[in-house]
Amino acid sequence: MLHDYIAIARPDHWTKNIFVLPGILLAFYFEPSTRSYTSIIPAILAIMSCCLVASSNYVINEILDGPTDAFHPIKKNRPIPSGRVKLAPAWAIWGLLALSGFALAFAVNRNTGFTVLLLWIMGIIYNVKPLRFKDKAYLDVLTESANNPIRLCIGWFSIGIQYP
């Protein structure tokens with residue numbers, strides 16, 4: 001079902017991307033010249049790109065955890081371990097979400113694009129072997145906690161504040 005393919009992207013977790021907003025507000029505070037209606041579209045695109053890339057990270061998490069989740073009493077009912085989502089389309093969704101997020105972010109500006117790319121890289125570090133910080137005590141928490149300052153920077157850069 002389509003619902004299961006959407007579920008692996010975890011759109012219900014998009015609220016975590018609220019941390020883009022403080023970056024926008026800080027940019028407005030420290031650079032008053034950025035306070036303009038022209039900042040609305042880039043800010044929306046940055047939030048959208050952050051959501052898409054975060055979803056890409058959730059999809060790879062679902063794909064890579066699927067084999068072990070199949071033995072968990074609750075997680076075995078998730079779309080991938082239960083077999084309701086096939087791996088080939090899941091991999092395609094993972095790539096499509098990432099590329100769409102990058103396209104939106106780079107459409108805003110270069111620094112937003114590279115910061116969104118960093119958010120995606122953090123997802124790779126967290127989920128993919130040989131690093132897979134998800135399985136390493138303390139590194140899992142540090143990796144996850146780094147994502148909120150990255151989100152803040154996405155908001156900051158989306159307003160047009162640039163560094164070389």
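Residues numbered from 1 in each chain as written. Predicted model: local features only at pLDDT ≥ 70, side-chain atom pairs only at ≥ 80, totals over all residues. Heavy atoms only, no water.

Our next topic: the overall build of the protein chain. Looking only at helices and strands, one finds six helices and zero strands in the protein chain. Walking the protein chain from its N terminus toward its C terminus, one meets helices and strands in the order α-α-α-α-α-α. Rg of the C-alpha trace for the protein chain: 17 Å, near the compact-globule value of 15 Å for 164 residues, within the 12% margin. In terms of its C-alpha atoms, the protein chain occupies a principal-axis envelope of roughly 55 × 35 × 25 Å. Among the 164 residues that make up the protein chain, the fraction classed as buried is 42%. Restricting the contact set of the protein chain to residue pairs at least 6 apart, pairs at least 24 apart contribute 74%. Accessible area of the protein chain: about 9000 Å², with a carbon and sulfur share of 74%. Considering the protein chain, the positive charge centre built from 14 side chains and the negative charge centre built from 9 side chains are found 2 Å apart. (Helix = DSSP H or I, 4+ residues; strand = E, 2+ residues; numbered from the N terminus. Rg over C-alpha atoms; globule rule 2.2 N^0.38 Å. Buried < 20%, exposed > 50% of the residue type's maximum accessible area, 1.4 Å probe, protein only. Contact = heavy atoms within 4.5 Å. Areas by Shrake-Rupley, 256 points an atom, 1.4 Å probe, with all protein chains shown as cover. Lys, Arg positive; Asp, Glu negative; His and termini not counted. Charge placed at Lys NZ, Arg CZ, Asp CG, Glu CD.)

A few words now on the side chain of D65. Topologically, D65 is positioned in helix α3 (residues 40-69). D65 has contacts with R132 and K134, leaving out every residue within four places of it along the chain.

Considering the arrangement of structural elements, one finds N111 in helix α5 (residues 110-127). Considering only alpha carbons, one finds N111 and V53, 58 residues apart in sequence, at a separation of 15 Å.

Relative orientation of the contacting elements helix α2 (residues 20-30) and helix α6 (residues 139-158) amounts to 40°, with a least axis distance of 6 Å. Overall, the two elements α2 and α6 adopt an arrangement that is oblique. Judged by the twist between their axes, the crossing of α2 over α6 is right-handed. Between α2, through V20, P22, G23, I24, L26, A27 and F30, and α6, the contact on the second element is made entirely by R151, L152, I154, G155, W156 and S158. Classifying every residue of the contact of α2 with α6 gives nine nonpolar, three polar and one charged. (Axes fitted to C-alpha atoms, helices over the stretch in contact; angles between N-to-C directions. Parallel < 35°, antiparallel > 145°, perpendicular 65-115°, else oblique. Left-handed = near helix turned anticlockwise from the far one by under 90°. Nonpolar A, V, L, I, M, F, W, Y, C, P; charged D, E, K, R; others polar.)

Turning next to the layout of surface pockets. One simple way to see leftover space: roll a probe sized like a water molecule over the atoms. Considering only enclosed or pocket space, the largest pocket measures out at about 350 Å³ in volume. Lining the largest pocket are 20 residues, with R10, K16, Y58, Y126 and E144 sitting closest to its centre. Of all the secondary-structure elements, those providing two or more residues to the lining of the largest pocket are α3, α5 and α6. When the residues that make up the lining of the largest pocket are grouped by side-chain class, the tally is five nonpolar, seven polar and eight charged. (1 Å grid on protein atoms, 1.4 Å probe; cavity = no way out; pocket = protein on both sides within 12 Å on 5 of 7 lines; lining within 4 Å. Points joined across faces, edges and corners; volume = space filled by probe spheres on them.)

Turning to the packing of helix α4 (residues 87-108) against α5, a few remarks are in order. As a packed pair, α4 and α5 sit with axes 6 Å apart at the nearest point and diverge in direction by 155°. Put simply, α4 runs roughly antiparallel to α5. The hand of the α4/α5 crossing is right-handed. Between α4 and α5, the residues in contact are W94, A98, G101, F102, A105, F106 and V108 and R110, T112, G113, F114, V116, L117, W120 and I124, respectively. For the contact of α4 with α5, the class distribution of residues is 11 nonpolar, three polar and one charged.

Right, let's talk about the confidence of the model for the protein chain for a bit. Model confidence for the protein chain is summarised by a mean pLDDT of 94, while 98% of its residues fall at 70 or above. Considering each helix and strand of the protein chain separately, the mean pLDDT is smallest for α2, with a value of 93, and largest for α4, with 98. (pLDDT = per-residue confidence, 0-100.)

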